[in-house]
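Coordinates in review
Each chain, letter by letter, is given below.
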Amino acid sequence: MTTDPILDVRGVRKIYEGQKRNVEAIRDLTFSLGSNELACIVGPSGAGKTTLLKCIAGLLAVTEGEIVLEGQQITEPPRGMAVVFQEYGRSLFPWMTVRQNVELPLKEKKLPKAERKRLVDEALSAVGLADVTGAHPWQLSGGMQQRVAIARAVAYQPHMLLMDEPFAAVDAQTRAELEDLVRNLWERLGVTVLFVTHDIDEAVYLGQRVIVLSMAPTVVLADVAVDLPAERDQLHTRSLPRFAELRAQVYELVQRAKHGQRPEQEGAGRTASVAPSAPEV
Amino acid sequence: MNPLGIARRLLMVLGLPVALFAVWWVATINSTSFFFPPLRDILGVFGDTWLSGRLLADVVPSLIRLLAGYLIALVLGVSVGVAVGSSPTLRAFVEPVLEFFRAIPPPVLVPILILFAGIGNGMKVLVIVSGCIWPILLNTVEGVRGIDDVLRDTGRCYRLGPAARLRHLVLRGASPQIAAGARQALSIGIILMVISEMFAASNGLGFTIIQFQRSFAIPQMWSGIILLGLIGILLAFVFRLVESRALAWYRGLRMSQRGDG
């Protein structure tokens, strides 16, 4: 599964320096993603998921350790990475139409006009929005707005796609559709996806791997391989016995994380028996 | 819109002005007071006073000075406002000074500005700039500060360059507040246009109205005041037209948010 790692998170530590006291959000995170992998990160609220994602996106500087994308250490938002934020309503430019929103990053990449048009059209039809390109984001439903954000990410042609709880704010029906959309785009585009979520079902359904984080200061609690068939659909995959087992396994891990369990406090054997740890580099 | 709707809107817009003019007309119809001549006399001299020559000789120069001062204030206010709003350090450094200058009524600066800038057009434009710039600047600072963090992060993730960030993120994001400041500045600008011409001038609306007053041409003076009001309405209308086009997205966004809540 992991060939050459495209993303390498090595010994990352993040301390927020306040005026009175410092808060250690992430203690020591190490994992890597292979090319064209789809990994989910789950953890209880306050597990520093968003902090980690911002560090990987190059929006926050790490305190220790390093994050390497395609051989380049990340110090600022890298080329070849796109991010889909949870707050779709705040991440799209409200003064631009859907088309302009998707096209803006491509203009910045200095792509020729015809190329831009092709990419925008392809991306918008891939997310099923080919007929609302002239609308403004606020004229669309929440799910459609998130589709626009996904189209913008897809048109950007990233090698690495970060998604920060992208479907936390949409209704269940829309959510299921968007999950299938992500699987579908991932299979078609050959992009590596890191999907942060607090929803255990979603993590198991989407991922090839589920990385479970501890409470802050965060470490990797477990790295669970999801050995479900590659062909997944909402009805059948979710009713497989194996899905239920994996779901229960991850659920238990997240519960333990909530109660403050950390790998170094536990017997090393127990964590290891639950899941093989991440491939170390 | 159907004809009935148009009639209704016209009634709404024109009803009160027409009523007020009617009251003025009736109340002064038999007036013998030197200072409050009948409205009939005022309107009677309006055409002769303004439309024959003075429109070009006085009204146009006034408006050009207003426009120049207003545009300079707009450019300066927005540029400095963007700089101050983008940097917390700069903001902490200059904010007390900005508040100080804003608190000074611009008319008291006129005698001082005459010392520096003489009594020509430059002084009058400077007076207008000195008053108009504050609401624009301070509102721009607030607007830039208020731009959504997620939107800023989005801009960074997609590697928008400085020019695109300024044009597509900062200026557009702050534009509702910039417009609010620009609207306040417009009425301040009209006031200062008149005041700057009352001190030392050889033409202009303010100058002419003062001349009429000093030469006891009272109906002409009143007609000048009415003209000022009309210019104010016209400029506000033009402003609204521009604003409603530039901020159509903002109205839509607000309405959709209200719909959700």
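Everything that follows concerns the structure shown earlier in this document.
Residues numbered from 1 in each chain as written. Chains lettered and ligands numbered in written order. Predicted model: local features only at pLDDT ≥ 70, side-chain atom pairs only at ≥ 80, totals over all residues. Heavy atoms only, no water.

**Here's the deal with the packing of aromatic side chains**
Throughout the structure, instances matching the rule amount to 13 aromatic pairs over all chains. Taken together, a centroid distance of 5.8 Å and an interplanar angle of 65° make the contact between Phe93 of chain A and Trp95 of chain A edge-to-face. Of the two residues examined, Phe93 of chain A and Trp95 of chain A, each falls in the buried class. Taken together, the aromatic side chains of Phe93 and Trp95 of chain A together with Trp249 and Tyr250 of chain B make up a single cluster linked through ring pairs. Its guanidinium or amino end placed over the ring of Tyr16 of chain A, Lys14 of chain A lies 5.3 Å from that ring's centre, counting from NZ or CZ. Positioned over the ring face of Tyr205 of chain A is Arg238 of chain A, at 4.6 Å from the centre of the ring. (Phe/Tyr/Trp six-rings, centres within 6.5 Å; stacked < 30°, edge-to-face > 60°. Buried < 20%, exposed > 50% of the residue type's maximum accessible area, 1.4 Å probe, protein only. Lys NZ or Arg CZ within 6 Å of the ring centre and 35° of its normal.)

**A closer look at the interface of chain A and chain B**
One frequently used descriptor of interface size is the decrease in accessible area upon assembly of the parts. Counting residues at the interface gives 29 residues for chain A, matched by 21 residues for chain B. Summed over both partners, the interface of chain A with chain B buries about 2,300 Å², with 65% contributed by carbon and sulfur atoms. When the buried area of chain A at its contact with chain B is split by residue, Arg90, Trp95 and Trp138 of chain A rank highest and sum to 32% of it. Joining chain A to chain B, the criterion identifies 3 salt bridges. Across the pair Glu76 of chain A and Arg159 of chain B runs a salt bridge, and its minimum N-O distance is 3.6 Å. At the boundary of chain A with chain B, the tally comes to 9 residue pairs in polar contact (both at pLDDT 80 or more). (Contact = heavy atoms within 4.5 Å. Buried area = accessible area lost by both parts, 1.4 Å probe. Salt bridge = Lys/Arg side-chain N within 4 Å of Asp/Glu carboxyl O. Polar contact = N/O pair within 3.5 Å; in protein donor to acceptor, adjacent residues only side chain to side chain.)

**Some words on the pairing of strand E10 (residues 218–225) of chain A**
Residues and elements named next belong to chain A. For E10, the buried fraction is high: 7 of the 8 residues fall into the buried class. Relative to E10, strand E2 (residues 22–34) runs parallel, the two sharing 2 bridges. Counterpart to Ile26 in the pairing with E10 is Thr218. Between strand E9 (residues 209–213) and E10, which follow one another and run antiparallel, lie 4 residues. (Helix = DSSP H or I, 4+ residues; strand = E, 2+ residues; numbered from the N terminus. Pairing = 2+ DSSP bridges.)

**So, helix H9 (residues 241–258) of chain A**
Residue and element names in this part refer to chain A. Its 18 residues give H9 an end-to-end C-alpha distance of 26 Å, which sits within 8% of 26 Å, the value for a rise of 1.5 Å per residue. Three or more residues of H9 are buried, namely Phe243, Leu246, Gln249, Val250, Leu253, Val254, Arg256 and Ala257. Angularly, the buried residues of H9 cover 160° about the axis, an arc narrow enough to put them on a single face. Two residues or fewer after H9 comes Gly260, characterised by a positive phi angle close to 85°. (Expected span 1.5 Å × (residues − 1). Arc of directions from axis to C-beta.)

**Observations concerning the environment of Met163 of chain A**
Residues and elements named next belong to chain A. Its location among the elements puts Met163 in strand E7 (residues 160–164). Look at Met163 and you get buried, because its relative accessible area is 0%. Sequence-wise, Met163 and Ala61 are 102 residues apart; in three dimensions their C-alpha atoms are separated by 19 Å. If sequence neighbours within four positions are ignored, Met163 has contacts with Leu53, Val84, Ile150, Val182, Val193, Leu194, Phe195 and Val196.

**Focus on the pairing of E2 of chain A**
Looking down a regular strand, the side chains alternate between one sheet face and the other. Residue and element names in this part refer to chain A. With 9 bridges connecting them, strand E1 (residues 5–17) and E2 associate as antiparallel partners. Across the sheet, Glu17 pairs through a bridge with Asn22, a residue of E2. A loop of 4 residues connects E1 with E2, the two strands running antiparallel in sequence.

**With respect to the pattern of salt bridges**
All names here are of chain A. Applying the stated criterion across every chain yields a total of 31 salt bridges over all chains. Among the salt bridges present, the one from Lys117 reaches Asp121, with a minimum N-O distance of 2.8 Å. With Lys117 and Asp121 both in helix H4 (residues 113–126) and 4 residues apart, the pair spans about one turn of that helix. Look at Asp121 and you get partly exposed, because its relative accessible area is 29%. We note a salt bridge from Glu202 to Arg175, for which the minimum N-O separation is 3.0 Å. In this pair, Glu202 is assigned in helix H7 (residues 200–206) and Arg175 in helix H6 (residues 172–189), connecting sequence segments 27 residues apart.

**Focus on the nonpolar core**
If you look at the biggest cluster of nonpolar residues, it comprises 93 residues, and the most contacted ones within it are Leu7, Ile56 and Ile150 of chain A. By residue number, the principal contributor to this core is helix H5 (residues 142–155) of chain A, which donates 7 residues. Apart from the residues within four sequence positions on either side, Leu7 of chain A is in contact with Phe31, Ser32, Leu33, Ile56, Ile67, Val68, Leu69, Met160 and Leu194 of chain A. Judged by nonpolar contacts, the second largest core, of 63 residues, contains Trp138 of chain A together with Leu98, Phe212 and Ile226 of chain B. (Core = buried A, V, L, I, M, F, W, Y, C linked by side-chain atoms within 4.5 Å.)

The values reported here are purely geometric and, on their own, carry no functional implication.
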